[in-house]
Amino acid sequence: HVKKTGKNRFCFFDDIMAREQARRLRLERDLQKALPRRELTIFYQPKWDAEKDRLTGMEALLRWEHPELGKVTPSEFIPIAEENGSILPITRWMLEEVCSQSVRWQEEGLAAVPVSVNISSRVLDSALLVDMIHEALTASRLAPSGLELEITESIAMANLEDTIEQLGRLEQMGVRISMDDFGTGYSSLGRIGDLPFHTLKIDRSFIQKSSLFFKQAIIRNMVAIAGNLDLGIIAEGVETREQAEFLLSTGCHDMQGYFFGKPMAADSMSRWLSEGGAAGRLAAAEAAGAV
Ligand code: C2E
Ligand code: MG
Ligand code: MG
Ligand code: MG
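All values reported here derive from a predicted model rather than from experimental measurement.

Cut-offs used in this document
- Residues numbered from 1 in each chain as written.
- Chains lettered and ligands numbered in written order.
- Predicted model: local features only at pLDDT ≥ 70, side-chain atom pairs only at ≥ 80, totals over all residues.
- Heavy atoms only, no water.
- Axes fitted to C-alpha atoms, helices over the stretch in contact; angles between N-to-C directions.
- Helix = DSSP H or I, 4+ residues; strand = E, 2+ residues; numbered from the N terminus.
- Parallel < 35°, antiparallel > 145°, perpendicular 65-115°, else oblique.
- Left-handed = near helix turned anticlockwise from the far one by under 90°.
- Contact = heavy atoms within 4.5 Å.
- Nonpolar A, V, L, I, M, F, W, Y, C, P; charged D, E, K, R; others polar.
- Patch = residues over 30% accessible without salt bridge, like charges linked within 9 Å, V, L, I, M, F, W, Y side chains within 5 Å.
- Areas by Shrake-Rupley, 256 points an atom, 1.4 Å probe, with all protein chains shown as cover.
- Salt bridge = Lys/Arg side-chain N within 4 Å of Asp/Glu carboxyl O.
- Expected span 1.5 Å × (residues − 1).
- Buried < 20%, exposed > 50% of the residue type's maximum accessible area, 1.4 Å probe, protein only.
- Arc of directions from axis to C-beta.
- Phe/Tyr/Trp six-rings, centres within 6.5 Å; stacked < 30°, edge-to-face > 60°.
- Near = heavy atom within 4 Å.
- Polar contact = N/O pair within 3.5 Å; in protein donor to acceptor, adjacent residues only side chain to side chain.
- 1 Å grid on protein atoms, 1.4 Å probe; cavity = no way out; pocket = protein on both sides within 12 Å on 5 of 7 lines; lining within 4 Å.
- Sits in = over half its atoms within 2 Å of the grid points.
- pLDDT = per-residue confidence, 0-100.
- Donors = N, O, S within 2.8 Å, 3.2 Å for Na, K, Ca; no water.

## A closer look at the packing of helix H3 (residues 87-107) against helix H5 (residues 129-140)
Between H3 and H5, whose axes approach to 9 Å, the crossing angle comes to 30°. One finds that H3 runs roughly parallel with respect to H5. With respect to the hand of their crossing, H3 and H5 are arranged in right-handed fashion. Contacts from Leu88, Arg92, Leu95, Glu96, Cys99, Ser100 and Val103 of H3 reach H5 at Met132, Ile133, Glu135, Ala136, Leu137 and Ser140. Grouping the amino acids of the contact of H3 with H5 by side-chain chemistry returns 8 nonpolar, 2 polar and 3 charged.

Below is the structure:
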């Protein structure tokens, strides 16, 4: 009897694993065709200066609408795209799209802020990256300072000497570079100054539950590190007025999160911008909270 239960349990897990494996294989195969079939779109999320109450940047985020499986999240498909190499053509396309969309917003007078693109490990390692960026900038005529690259702390630190070289080349081109998910990697803090970052981006795991005393202490220290190194600092995942107010009290003014604006398609972003964006949102929330 016991044996039978054990066996059934194995079958059950085997079943789940087989199904996961099948989904992964399918995504891997379909991802190769997603770009020509126009299933990928780029969403844009605002970065907001909560003190000056104005837009300071945007982050471009990939969205995949699979024809049969529906929405597939980037956390599921980016690792697959990394593995099968399709991340390279996808990032090339993204850089081109983002640069030309950015120029359109500038020409329409809607926004003139840097737009960031996430760069994964395989792309950062690629000798093609510098050319890809050069071509996207040239074709769109976007000034290099209008493009920002977000590189996660763990990727930047994994292969430090090569990263220093590659980021050096990119920095010389004049693009901006920020360290994404700051606090989640295993930085030897002593080496941060060796990398040409302009901005540190505090991971949202510190912002969520930022009422906790130890998280507040860590955030204050991150802000101090950025200040002492003469780097910009931004917090991601800001969802509430309380989080925004706490961040302001630490000296971190730049914020990104649902409280100010969710990631949205380019046309929605145009509308959002022409309606004033998140202007007055924090003041309104403060007024409502004071009642
Ligand atoms: P990330 O670069 O740290 O992006 C921030 C993530 O936080 C995004 O998730 C965004 O939608 C989400 N987010 C923003 N504000 C809030 C908030 O207030 N609350 C919560 N709970 N979440 C918030 P998303 O779009 O699902 O992307 C997840 C990750 O996938 C990104 O993390 C990035 O590492 C990766 N990714 C997305 N697009 C690309 C891409 O084009 N290329 C590469 N290489 N990676 C990408
Ligand atoms: Mg990012
Ligand atoms: Mg991030
Ligand atoms: Mg993050």
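## Considerations on a nonpolar patch on the surface
A cluster of nonpolar side chains, Phe12, Phe13 and Ile16, forms an exposed patch at the surface whose accessible area comes to about 290 Å². Structurally, the position occupied by Phe12 is in helix H1 (residues 2-34).

## Notes on H5
Relative to the 16 Å expected for 12 residues at 1.5 Å per residue, H5 spans 17 Å between its end C-alpha atoms, a close match to the ideal helical length. Among the residues of H5, those classed as buried are Leu129, Val130, Met132, Ile133, Ala136, Leu137 and Ser140. Along the long axis of H5, the arc covered by the buried residues comes to 165°, so they all point the same way. In this structure, H5 carries Thr138 and Ala139 as exposed residues pointing more than 90 degrees from its buried face. On its buried face, H5 sits against H3, helix H4 (121-125), strand E5 (147-152) and helix H7 (160-173). Positive backbone phi, approximately 60°, marks Arg141, located one or two places after H5.

## Things to note about the packing of aromatic side chains
As enumerated under the stated definition, the model contains 4 aromatic pairs in all. Ring geometry for Trp64 versus Phe77: centroids 5.5 Å apart, planes at 85°, classification edge-to-face. Here Phe77 lies in helix H2 (residues 74-84) and Trp64 lies in strand E2 (residues 54-66), a separation of 13 residues in the sequence. Taken individually, Trp64 and Phe77 each receive the classification buried, so the pair is uniform in this respect. Taking the centre distance of 4.9 Å and the plane angle of 85° together, the rings of Phe259 and Phe260 count as edge-to-face. Taken individually, Phe259 and Phe260 each receive the classification buried, so the pair is uniform in this respect.

## Topic: H2
Listed in full, the buried residues belonging to H2 are Phe77, Ile80, Ala81, Glu82 and Asn84. Gly85, located one to two residues past H2, shows a positive phi value of around 85°.

## Notes on the site of ligand 1
Close to ligand 1 lie 20 residues, the nearest being Arg63, Asp180, Arg204, Glu239 and Tyr258. Within the contact set of ligand 1, a nitrogen atom lies 3.2 Å away from a backbone nitrogen or oxygen of Leu62. One nitrogen or oxygen atom from the side chain of Arg204 is found 2.7 Å from an oxygen atom belonging to ligand 1. In the complex, the protein chains occlude 85% of the 800 Å² of accessible area that ligand 1 would expose alone. In this structure, ligand 1 is accommodated by the largest pocket. When contributions to the shell around ligand 1 are tallied by element, the ones reaching two or more residues are E2, H2 and strand E6 (176-182).

## Points about the confidence of the model for the chain
Considering every residue of the chain, the mean pLDDT works out to 93; 95% of them sit at 70 or more. What the predictor reports for the complex is a pTM of 0.94 with an ipTM of 0.97.

## Structural notes on the coordination of the magnesium ion (ligand 3)
In the first shell of the magnesium ion (ligand 3), the protein supplies Asp180 (OD), Asp181 (OD) and Glu236 (OE), at 2.0 to 2.5 Å from the metal. Here the donor residues for the magnesium ion (ligand 3) map to a single chain with the spacing D-D-x54-E. Separating the magnesium ion (ligand 3) from the magnesium ion (ligand 2) is a distance of 3.7 Å, and Asp180 supplies a donor atom to each of them. Judged by relative accessible area, which is 6%, Asp180 ranks as buried.

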